[in-house]
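One letter stands for each residue in the lines below.
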Protein chains: 2
Amino acid sequence: MRHIIALLGLSLALPGLAAAKPAGEPAGKPSSLSFSEVLKAAPKTDWRALEQENLLYLELANGRVVMELAPQFAPQHVANIRTLAREAYFDGLKIVRSQENYVVQWGDPDEKNPRPMKAGKRSLPQEFTTSARRELGFVALPDKDGYARQTGFAHGMPAAQDGKRAWLTHCYGMVGAGRDVASDSGSGAELYVVIGHAPRHLDKNVTLLGRVVQGMPLLSTLPRGTGALGFYEKPEQQVNILSIRIGSDLPEEKQVKLEAIKSESASFKRAVEALRNRGGDWYKVPAGYVEVCNIPQMVREQQ
Amino acid sequence: MRHIIALLGLSLALPGLAAAKPAGEPAGKPSSLSFSEVLKAAPKTDWRALEQENLLYLELANGRVVMELAPQFAPQHVANIRTLAREAYFDGLKIVRSQENYVVQWGDPDEKNPRPMKAGKRSLPQEFTTSARRELGFVALPDKDGYARQTGFAHGMPAAQDGKRAWLTHCYGMVGAGRDVASDSGSGAELYVVIGHAPRHLDKNVTLLGRVVQGMPLLSTLPRGTGALGFYEKPEQQVNILSIRIGSDLPEEKQVKLEAIKSESASFKRAVEALRNRGGDWYKVPAGYVEVCNIPQMVREQQ
């Protein structure tokens, strides 16, 4: 067991907060603190409380998945999801798909008799990208990326930009709106969550609108569907959605109070550097680089 | 459901086999064939049969996981695993760890009374990297990478190299040898499999020695351990290993006959291009890039 315990190399040594190096160059100095130590040491002012208005609670028979919505990137989709949640549209719908190393997806399983909507919408203009405006609070990573000119974080979400447009990136746990061939055929009434290696080729092709912040294993360990694209072949294999609610609509005792490291804080920068050049006795070669989707969430229950 | 079906965008259009572009540049022409269509059209000569001597069969109560070993990269570890399998060392050991978005790991759960070995070894010199020799058959990708000077494939395995050394990369489904702090403290007696986004910072820090080629969901859907690093906290949560065997030691009727696209074939190149610039009506913006860990396995049952 001692070998196993050591795999993550959590013990640490040596000082340094080096800048990232291009690929193939010698890596920077190992970080003096580990990722988790940086978070532990972060001052209260470097954390932000997650707003209940932006939290989506998915209730399953065996537990709850909490997602944070990103109205900065997909305001119309987020507004529609709030509307649909408020009219209880999702309650009793199904998780219909679990595809290995790809996505879990839910929606209305009944194509012939689709569930009616009240104020909610079945389709919306696409929000694949948004204006790369200053108010987005995009914090760039110095690390180069193959899929985008620049990657970084905004409001705790992994993102990318090219100077004109900005978009969320398809990292593990990201939530998006399933769509048909037409760009404007999604609305958030069907949602998917990434459960495998980041399918970054979907960036700028689908509307991403949030991220799972709690309960991810309830989705990632679902039995894989045996049909094409991981769809469950029998209705009884589908997973029932008890309800989907917006946090601010729940009684306070049912809300979970979460906080996240602010993307623009010194602690965030320090935590990323601790991932870029891991210190300690276990790591023999620091990577000198960190990819946007290899940066874990910095979210915890409020303290 | 129609929105959901469309998510992967499997329908196709337009010709073209464009070269990769740097990030931020306009993408290449969409590919005329999809990834799966390229594989379907691949001539028999572009496939290689997986050798039973290189296949490791992990039997669990609910099914079998098959791994292909990479003796080209980790000859000593692979030889030791063959020895351990032949002396039935693994039989009755446990999967002791399942960490969300990271790894599943197995080995001897009994630290105090470790299971004896016969000819097998508990530690070996590290094989984190190997000489970047011609015989490795390294096929480079034109796509730049953040973690390594160059990435590519060799013998069907995702890999990287810097002109002097070559190494396997920690993509989804890769198999490695757990180790303690000392570089030479692993031997393959404890193995881990990547079940999340590629932890590429482990590259060059651990001996990778193969890849899961069948049965991956049996590992990726295991309940996550609730202890630190995803360890199961109670012995009864651990998953029993019925046996681990080398394919060539099995009676033929128990062998699975698999074949893989040769990394050096035209079909391989074409399949990668189909991922780099996805065609069809669904994709609005081809990525113009593909990351080494975003290239799925090209393995199937022999036809």
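The preceding data block contains the structure.
The numbering scheme is per chain: residues are counted from 1 as the chain's sequence reads. Key to labels: chains lettered from A, ligands numbered from 1, both in the order written. pLDDT decides what is reported in this predicted model: residues at 70 or higher carry local features, side-chain atom pairs at 80 or more are listed and counted, and totals for whole chains, interfaces and linings draw on all residues regardless. Hydrogens and water are ignored here; the side-chain numbers use all heavy atoms of the structure.

*Asks:* Is there a simple way to explain the state of the cysteines in this structure?
*Replies:* Here, disulfide denotes a covalent bond that connects the sulfur atoms of two cysteines. Residue and element names in this part refer to chain A. We call a pair of cysteine sulfur atoms a disulfide when they lie within 2.5 Å. Summed over the entire model, instances satisfying the criterion amount to two disulfides over all chains. With its sulfur 2.0 Å from that of its partner, Cys 171 forms a disulfide with Cys 293. Disulfide Cys 171-Cys 293: the torsion about the S-S bond is -75 degrees, which places it as left-handed. One end of the pair, Cys 171, is in the loop between β10 (165–168) and β11 (174–177); the other, Cys 293, is in the loop between α5 (266–276) and β17 (299–301), with 122 residues separating them in the sequence. Residues Cys 171 and Cys 293 agree in their burial class; the two are buried. Numbered from the N terminus, helices here are DSSP runs of H or I no shorter than four residues, and strands are runs of E no shorter than two. Any residue under 20% of the maximum accessible area for its type is buried, any over 50% is exposed, and the rest in between are partly exposed; the area is computed with a 1.4 Å probe on protein chains only.

*Asks:* Got a minute to help me understand the packing of aromatic side chains in this structure?
*Replies:* The way to describe two aromatic rings as a pair is by their centre distance and the angle between their planes. When the centres of two rings from Phe, Tyr and Trp lie within 6.5 Å, Trp using its six-membered ring, the rings pair. Their planes under 30 degrees apart give stacked, over 60 give edge-to-face, and anything left gives tilted. Evaluation of the coordinates by the stated rule reveals eight aromatic pairs over all chains. Plain terms: the ring middles of A:Tyr147 and B:Tyr289 are 4.6 Å apart, the flat faces sit at 80 degrees to each other, and that makes the pair edge-to-face. With A:Tyr147 in the loop between β7 (139–140) and β8 (150–154) and B:Tyr289 in the loop between α5 (266–276) and β17 (299–301), the pair connects residues from two separate chains. Comparing A:Tyr147 with B:Tyr289 shows no difference in burial state: the two are buried. Placement of a charge over a ring requires the Lys NZ or Arg CZ to be within 6 Å of the ring centre, with the centre-to-atom vector within 35 degrees of the ring normal. Sitting over the ring of B:Trp282, A:Arg179 keeps its end group 3.8 Å from the ring centre.

*Asks:* Got a minute to help me understand the sheet that holds strand β6 (residues 130–131) of chain A in this structure?
*Replies:* Pairing between sheet strands relies on hydrogen bonds along the backbone, with the strands arranged either parallel or antiparallel. All names here are of chain A. The antiparallel open sheet is built from five strands, whose spatial order is β6-β10-β9-β8-β7. Whereas interior strands pair on both sides, the edge strands pair on one side only; in this sheet they are β6 and β7. Following DSSP output, two strands are said to pair if at least two bridges run between them. Where β6 and β10 come together, two bridges link them in antiparallel fashion. Note that in β10 the partner of Ser 131 across the bridge is Arg 165.

*Asks:* How should I be thinking about the relation of the copies chain B and chain A in this particular structure?
*Replies:* What connects the two chain copies is a rotation about an axis and a shift along it. Superposing chain B onto chain A takes a rotation of 180 degrees plus a shift of 0.0 Å along the axis, which leaves an RMSD of 0.0 Å. These values place the two chain copies in the arrangement generated by a two-fold rotation axis. Residue contacts follow a heavy-atom distance rule, with two residues in contact if any of their heavy atoms lie within 4.5 Å. Counting the interface residues of chain B, we find that 100% of their copies in chain A are interface residues as well, pointing to one common contact surface. Each copy is superposed on the other by least squares, with the fit set by C-alpha atoms of residues at a pLDDT of at least 70 in both.

*Asks:* I'm lost on the environment of B:Gly63 in this one. Help?
*Replies:* Residue and element names in this part refer to chain B. Topologically, Gly 63 is positioned in strand β3 (residues 63–69). Look at Gly 63 and you get partly exposed, because its relative accessible area is 23%. Along the primary structure Gly 63 and Leu 218 are separated by 155 residues, whereas in three dimensions their C-alpha atoms are 7.2 Å apart. When residues no more than four places from it in sequence are discounted, the contact partners of Gly 63 are Leu 58 and Leu 218.

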